[in-house]
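Survey of secondary and tertiary structure
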Amino acid sequence: MPELPEVQTIVTDLNSRILNKKIKKVEVRLKKIVKNPTKSFIQDLQKSTFKNIRRRGKLLIFELSVKNKYLLIHLKMTGQLIYCKNNKITVGGHGMSKDMGELPSKYTHVIFMFSDGSKLFYNDLRRFGYLHIVDDKKLEKILEKFGIEPLDKDFTLKKFKSLIENKKMNIKAFLLNQKFIAGIGNIYADETLFDAGILPNRSANSLKEVEVKKLYKAIKKVLKKAVQYRGTTFNDYLDADGNKGSFLKFLKVYHREGKKCLRCNKEKIKKIKVAGRGTRYCEKCQK
DNA sequence: CCTTGTGTTCTCCG
DNA sequence: CCGGAGAACACAAG
């Protein structure tokens, strides 16, 4: 699942690879992935360039050289953006389940072809993601729904406290809600709660001051480290070069149910449902 | 049936 | 009856 660290990795990679390259041709192989009429989508992109690429939460924002046009891409669960200079792509590591040897694959739904011959592929096994070109007004409307960026300087402990103090919902639901903090998904919600030693089903406003501080530090720490290791590859996530992220080896609870807790070395990691999502935790280390 | 991200709908409460 | 909060549900497809 591409969450903040994974999307950030793609943004950083693409910014150093495709800025100001002329888009010669765009191929839409699956219409439902593109939210605009196919014809206007292609027209807006062809002969344009990407001036800048950024993200807000898990949403990628490509600023086009055409005035007031922005390409938004959401990867949802299994979306990939892979850039290659030729059609062959070598997947980092081994044991990949998908036949990613050559692109386009059967999961390639949109292809951007640049005038230097390089290509950017949008692949999506489950086809939950989308591409959408919007104007600045629409973009603003979309962006105002997002909460604070957890790695920004203005995400302070004070700010975090003020967000959390009046929330009756459980702390995991709070972390997953993009309108409070943007970019945390199921993996990093479980990992930050484990790091902070807090049970996922605790109500947010029941956290003591020392716990709020622990969780705040955990969010910064875990997300920063995950960005540093270029995200977590579980099944489908790949960076813009088609390589896996290497944060998997640092996961303490996510997908470790039934295995021995790496902190207490005693308790087995449990799995329950919280906020409608699979949730892993250690009964001994999280209170 | 499961998986997760997100948008919508429903319910509760003051 | 309204609005907000939060929970529940719906949907995507393999």
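Note: the structure precedes this text.
First, a word on what this report is: a plain description of the structure on this page. As a convention, each chain's residues are numbered from 1 in the sequence order in which they are written. A letter from A marks each chain and a number from 1 marks each ligand, given out in the order of writing. It should be noted that, the model being predicted, local features are given only for residues of pLDDT at least 70 and side-chain atom pairs only at 80 or more, the latter also being counted only at that level, while totals for whole chains, interfaces and linings use all residues. Working from all heavy atoms in the structure, the side-chain values ignore hydrogens and water.

**Concerning the pattern of salt bridges**
For side chains bearing opposite charge, pairing can occur when the charged atoms are close. Between Lys or Arg on one side and Asp or Glu on the other, a salt bridge is scored when a side-chain nitrogen of the former is within 4 Å of a carboxyl oxygen of the latter. For the coordinates displayed, the defined rule picks out 15 salt bridges. Put simply, glutamate 149 and arginine 55 hold a salt bridge, and the shortest N to O gap is 2.8 Å. Remark: arginine 55 occurs in strand β2 (residues 50-56) and glutamate 149 occurs in the loop between α3 (136-143) and α4 (157-164); sequence separation between them is 94 residues. Arginine 55 carries the same exposure label as glutamate 149, and that label is buried. In this structure, lysine 172 and aspartate 190 form a salt bridge, with 2.7 Å as the shortest nitrogen-oxygen distance. One end of the pair, lysine 172, is in helix α5 (residues 171-176); the other, aspartate 190, is in helix α6 (residues 186-196), with 18 residues separating them in the sequence. Residue classification places aspartate 190 among the buried residues on the basis of a relative accessible area of 1%. Several salt bridges converge on common partners, so that one network encompasses Asp13, Arg230 and Asp239. The way it works is that DSSP assigns letters per residue, a run of H or I at least four long becomes a helix, a run of E at least two long becomes a strand, and they are numbered from the N terminus. In this scheme, a residue with accessible area under 20% of its type's maximum is buried, one over 50% is exposed, and one in between is partly exposed, where area comes from a 1.4 Å probe on protein chains only.

**Details of the protein's contact with DNA strand C**
Residues in close proximity to DNA strand C include Lys32, Leu125, Arg126, Arg127, Phe128, Asn166, Lys167, Lys168, Met169 and Asn170, which together make up its full environment. Backbone atoms, meaning sugar and phosphate, make up 73% of the atoms of DNA strand C lying within 4 Å of the protein. Between N or O atoms, a polar contact is any pair within 3.5 Å; within protein, one atom must be a potential hydrogen donor and the other a potential acceptor, and residues adjacent in sequence are included only when both atoms are from side chains. The contact in question runs from a phosphate oxygen of DNA strand C to an N or O atom on the side chain of lysine 32, over 3.0 Å. In the scheme used here, Gly and all other residues not listed as nonpolar or charged are polar, with Ala, Val, Leu, Ile, Met, Phe, Trp, Tyr, Cys and Pro taken as nonpolar and Asp, Glu, Lys and Arg as charged. Of the residues in the surface near DNA strand C, the class split is three nonpolar, two polar and five charged. When we say a residue is near a molecule or strand, we mean one of its heavy atoms is within 4 Å of it.

**A closer look at the side chain of threonine 232**
Inspection of the secondary structure assignment puts threonine 232 in the loop between α7 (209-228) and β9 (270-274). For threonine 232, a relative accessible area of 1% gives the class buried. Leave out the neighbours within four places in its chain, and threonine 232 touches Glu6, Ile187, Tyr188, Tyr237, Phe247, Leu248 and Leu251. Residues count as neighbours in contact if any of their non-hydrogen atoms are within 4.5 Å of one another.

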